[in-house]
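# Inside the fold
Chain by chain, the residues:
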Amino acid sequence: MRIARFSIDGNVAFGAVEGEGTGDSAGLVLDIIKGIPFGDFELSGTKVPLSKVRLLPPVLPNKVVAFGRNYAEHAAELGHEVPDAPFAFFKPSTSVVGPGDPIAYPSFSSELHHEAELAVVIGRMCREVPRERVKDVILGYTCANDVTARDVQRREKQWARAKGFDSSCPLGPWVETDLDPSDLAIQCTVNGEQRQLGRTSQMIHSIEDLIVNITEAMTLLPGDVILTGTPAGVGPLDVGDEVAVTIQGIGTLTNKVIKRD
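Throughout what follows, the structure given in this document is the object of discussion.

About the thresholds
Residues numbered from 1 in each chain as written. Predicted model: local features only at pLDDT ≥ 70, side-chain atom pairs only at ≥ 80, totals over all residues. Heavy atoms only, no water. Helix = DSSP H or I, 4+ residues; strand = E, 2+ residues; numbered from the N terminus. Rg over C-alpha atoms; globule rule 2.2 N^0.38 Å. Contact = heavy atoms within 4.5 Å. Areas by Shrake-Rupley, 256 points an atom, 1.4 Å probe, with all protein chains shown as cover. Lys, Arg positive; Asp, Glu negative; His and termini not counted. Charge placed at Lys NZ, Arg CZ, Asp CG, Glu CD. Phe/Tyr/Trp six-rings, centres within 6.5 Å; stacked < 30°, edge-to-face > 60°. Buried < 20%, exposed > 50% of the residue type's maximum accessible area, 1.4 Å probe, protein only. Pairing = 2+ DSSP bridges. Axes fitted to C-alpha atoms, helices over the stretch in contact; angles between N-to-C directions.

When helices and strands are counted, the chain shows four helices and 20 strands. Against the compact-globule benchmark of 18 Å for 261 residues, the chain has a radius of gyration of 17 Å, which places it among compact chains. Principal-axis analysis of the C-alpha atoms gives the chain an extent of 50 × 45 × 30 Å. Here the contacts in the chain between residues at least 6 apart in sequence split such that 71% fall between residues at least 24 apart. When the accessible area of the chain is evaluated, it comes to approximately 11,500 Å², of which 48% is carbon and sulfur surface. The chain carries 25 positive and 35 negative side-chain charges, and their two centres are separated by 5 Å.

Take the packing of aromatic side chains next. A full pass over the atoms with the stated rule returns three aromatic pairs. A ring pair is formed by F87 and W159, whose centres lie 5.3 Å apart and whose planes are at 65 degrees; its orientation type is edge-to-face. Residue F87 is located in strand 7 (residues 87-91), and its partner W159 is located in the loop between helix 2 (150-155) and helix 3 (160-164); the two are separated by 72 residues in the primary sequence. A relative accessible area of 31% means that F87 is categorised as partly exposed.

Strand order in the open sheet formed by three strands is 13-10-18, with antiparallel pairing between adjacent strands. For this open sheet the edge positions go to strand 13 (148-149) and strand 18 (235-237), each flanked by a neighbour on one side alone. Here strand 10 (residues 112-114) runs beside strand 18; their pairing, made up of three bridges, is antiparallel. Its bridge partner being in strand 18, H113 is matched across the sheet by P236.

What the five strands build is an open sheet, ordered 9-20-19-15-16; its pairing is mixed. Taken across any chain shown, the strands that pair with only one partner, and hence form the sheet edges, are strand 9 (103-105) and strand 16 (193-199). For this sheet, the mean angle separating the axes of adjacent strands, direction not counted, is 20 degrees. Of the pairings in the sheet, the one linking strand 19 (residues 242-247) to strand 20 (residues 251-259) comprises six bridges and is antiparallel in character. Along strand 20, the bridge assignment pairs E242 with K256.

Right, here's the structure in full:
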């Protein structure tokens, strides 16, 4: 099931996406969900065309836990060593935007980069998750762009500003709940030109590794998001660029870069 979060006539709701398509397809409709999708829920039978709503970030996470250097070729292209264990950092909830929302170029940077990633959405509160139960705590998967102020990342010893500024975490277009994430194609284009192309099978540390690692330290809540790393090919974004992240079996997340007011 594809679960979207959307607004219509000033109201916010979740809906199950029906029909074929990967983005703003005219043939898609939303069957409004009664309540929220974290736990048992029912479809209302009330349907609205996707073209009539505004898609929002598919979840509003309490926290976004991101893992860096999880693809060997990406680590190499930045001159980094591959970490022996998962390497985590955080993006605040205020960094999250949805499909079609602008990425505001931060005033303190002159080198903004895209990073296409598979995002894991947590479906239930969990801590110290054993490897064999990781699938039980996952609601589904969505596309993410770990937008990074690369010059600031190099200059500062920790990454809070470089990766945590407002609009640095686009998510969407929806959450796919029925998906095998082990070998999916990940692509990033800028103005239609391919920049990144990799597969989730190239991850150094698996999704199970990442969730076991982070839940040893902290509790994850429903709606929290795990970013699993980016394949090689990261590169610059400029004001006016349209950047799109496409993941096999999920869809396409598209955002435009604007000048920050």
